[in-house]
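Observations on the three-dimensional arrangement
The chain contents come next:
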Amino acid sequence: MRCTIAERCERKLPQGQGRIRWCRSWWRHREALARFAALYRAWVEATDPETGTGTALVAYYEHLDHALEVLMSDHGPFSAGA
């Protein structure tokens, strides 16, 4: 059974004036869509039992953590908190 990275990711986001932000309309941000599509491809590659080209840790550490930091940063596409 293959699961997606989203099914394994649980983040507690600060309420109010916290540094991390999430946009409730995240799908309206082209950058977010592009990053999530790339994350999905990295996850599939990392967890594919046929090719074995990577590891789940690489998908988390090098891809997911960085992408979420960029998306939810003070200057990222979700900074307005729409």
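Structure: above.
In this report, the structure presented in the accompanying data block is examined. Keep in mind that what you see is a predicted model, and the values were worked out from it rather than measured. (Residues numbered from 1 in each chain as written. Predicted model: local features only at pLDDT ≥ 70, side-chain atom pairs only at ≥ 80, totals over all residues. Heavy atoms only, no water.)

Some words on the overall build of the protein chain
- Across its full length, the protein chain carries two helices and zero strands.
- The proportion of buried residues among the 82 residues of the protein chain is 27%.
- Of the contacts made within the protein chain by residues no fewer than 6 positions apart, 64% connect residues no fewer than 24 positions apart.
- Roughly 6,200 Å² of accessible area belongs to the protein chain as shown, and the carbon and sulfur atoms make up 53% of that amount. (Helix = DSSP H or I, 4+ residues; strand = E, 2+ residues; numbered from the N terminus. Buried < 20%, exposed > 50% of the residue type's maximum accessible area, 1.4 Å probe, protein only. Contact = heavy atoms within 4.5 Å. Areas by Shrake-Rupley, 256 points an atom, 1.4 Å probe, with all protein chains shown as cover.)

Brief notes about the packing of aromatic side chains
- Within this structure, the stated rule accounts for two aromatic pairs.
- With a centroid separation of 5.9 Å and 85 degrees between ring planes, the pair formed by W26 and W27 is classed as edge-to-face.
- For the pair W26 and F36, a centre-to-centre distance of 5.5 Å together with 90 degrees between the ring planes defines the contact as edge-to-face. You can see W26 sitting in the segment before helix 1 (30-47) and its partner F36 sitting in helix 1, a full ten residues away along the chain.
- Each member of the aromatic cluster is reached from another via a ring pair, and the members are W26, W27 and F36. (Phe/Tyr/Trp six-rings, centres within 6.5 Å; stacked < 30°, edge-to-face > 60°.)

Side note on the side chain of H29
- By secondary structure assignment, the location of H29 is in the segment before helix 1.
- At 3.5 Å, the side chain of H29 and the backbone oxygen of P77 are in polar contact. (Polar contact = N/O pair within 3.5 Å; in protein donor to acceptor, adjacent residues only side chain to side chain.)

Things to note about a nonpolar patch on the surface
- Together, W22, W26, W27 and L33 make up an exposed nonpolar region whose accessible area comes to about 390 Å².
- Positionally, W27 belongs in the segment before helix 1.
- You can call W27 partly exposed: its relative accessible area is 46%. (Patch = residues over 30% accessible without salt bridge, like charges linked within 9 Å, V, L, I, M, F, W, Y side chains within 5 Å. Salt bridge = Lys/Arg side-chain N within 4 Å of Asp/Glu carboxyl O.)

Details of helix 2 (residues 56-71)
- Compared with the 22 Å implied by 1.5 Å per residue over 16 residues, the 21 Å span of helix 2 between its first and last C-alpha is a close match.
- The sharpest bend along helix 2 reaches about 30 degrees and sits at L64.
- Where helix 2 is concerned, the buried positions are A59, L64, A67, L68 and L71.
- In this structure, the buried side of helix 2 is in contact with helix 1. (Expected span 1.5 Å × (residues − 1). Bend = angle between axes of the 7 residues up to and from the residue.)

A look at the nonpolar core
- Within the largest apolar cluster, nine residues are counted, these being C23, A32, L39, L64, A67, L68, L71, M72 and F78.
- When contributions to this core are tallied by element, the ones reaching two or more residues are helix 1 and helix 2.
- Top contributing element to this core by residue count: helix 2, with four residues.
- Those residues in contact with L71, other than ones at most four positions away along the chain, are A32, R35, F36, G76, P77 and F78. (Core = buried A, V, L, I, M, F, W, Y, C linked by side-chain atoms within 4.5 Å.)

Any functional reading would require information beyond the geometric quantities listed.
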